Amino acid sequence: MKKLLLGSVLAASSIFTVTACTSVNATTDTTPTAQMQKNHKDGAMRGPMSKLDLTATQQAQIKAIMQNKRGDRTADRAEHKAERAQMDQQIQALTNASTLNTAALNRLADQRAAKEKQRFIERVQTQHAIAQVLTAEQRAKMEQMKSERQEKGRKHSKDRKGHDKQHQGM
């Protein structure tokens, strides 16, 4: 009788505990904190820019630069998609051919290189335009954050390489 009573009490308390924990987590996990709501306001700076203490004028100028860049990208999206599809078809044709047409391959490589060059130029132009909006101190802080991010990436890459070597022996 004691075992039955003790087992029932333990089972009931376990169910009560699980139910209570679940309901507490459900209410706390789904409600965003005030800080999260503040950080995700529409139009708020995100990423490294949010750490630079930008003035309202600087924020407006940078947003205009980014919107201009984004507008250019979205306008040409369908055209780029068609170009990629055409290039994929050409690559597939070269791959399936009995002999490799090196002249066609060189043309495709040149086309791809030209597109990459254009993207590089546009990216640097955008970075330059944003840098002109920042003060010298803000540019220095941005460069420091970039260096830290790159170092973190290098460390992660080294860790991954060591991780891969551990699993190769298995």
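Note that the coordinates shown come from a computational prediction; the quantities given were computed from them, not determined experimentally.

(A) Local environment of the overall build of the chain. Counting secondary structure elements, the chain contains 6 helices and 0 strands. Its helices and strands in sequence order give the chain the pattern α-α-α-α-α-α, from N to C terminus. The buried share of the chain, taken over its 170 residues, is 11%. Residue pairs at least 24 apart in sequence account for 63% of intrachain contacts in the chain once pairs closer than 6 positions are excluded. As displayed, the chain offers around 14300 Å² of accessible surface, 57% of which is attributable to carbon and sulfur atoms.

(B) Looking closely at the confidence of the model for the chain. For the chain, mean pLDDT is 76; residues scoring 70 or higher make up 64% of the total. Here helix α2 (residues 34–39) is the element of the chain with the lowest mean pLDDT, 48, and helix α5 (residues 102–133) is the one with the highest, 92. Under a pLDDT of 50 for its full length, residues 25–33 has, in the predicted model, 1 contact with residues more than four places off or in other chains. Residue range residues 35–40 is modelled with pLDDT below 50. Its contacts to residues more than four positions away, or to other chains, number 2 contacts.

(C) Broad picture of the pattern of salt bridges. Applying the stated criterion across every chain, the model contains 3 salt bridges. Lys 115 is the salt-bridge partner of Glu 83, the closest N and O atoms lying 2.9 Å from each other. Taken together, the residues Glu 83 in helix α4 (residues 77–96) and Lys 115 in helix α5 connect sequence positions 32 residues apart. Residue classification places Glu 83 among the partly exposed positions, given a relative accessible area of 26%. Between Arg 119 and Glu 116 there is a salt bridge, and its shortest N-O distance comes to 2.7 Å.

(D) Highlighting a nonpolar patch on the surface. A cluster of nonpolar residues, Phe 120, Ile 121 and Val 124, forms a patch on the protein surface that exposes about 240 Å² of accessible area. Structurally, the position occupied by Ile 121 is in helix α5. Ile 121 gets classed as partly exposed once you look at its relative accessible area, which sits at 31%.

Analysis parameters
Residues numbered from 1 in each chain as written. Predicted model: local features only at pLDDT ≥ 70, side-chain atom pairs only at ≥ 80, totals over all residues. Heavy atoms only, no water. Helix = DSSP H or I, 4+ residues; strand = E, 2+ residues; numbered from the N terminus. Buried < 20%, exposed > 50% of the residue type's maximum accessible area, 1.4 Å probe, protein only. Contact = heavy atoms within 4.5 Å. Areas by Shrake-Rupley, 256 points an atom, 1.4 Å probe, with all protein chains shown as cover. pLDDT = per-residue confidence, 0-100. Salt bridge = Lys/Arg side-chain N within 4 Å of Asp/Glu carboxyl O. Patch = residues over 30% accessible without salt bridge, like charges linked within 9 Å, V, L, I, M, F, W, Y side chains within 5 Å.

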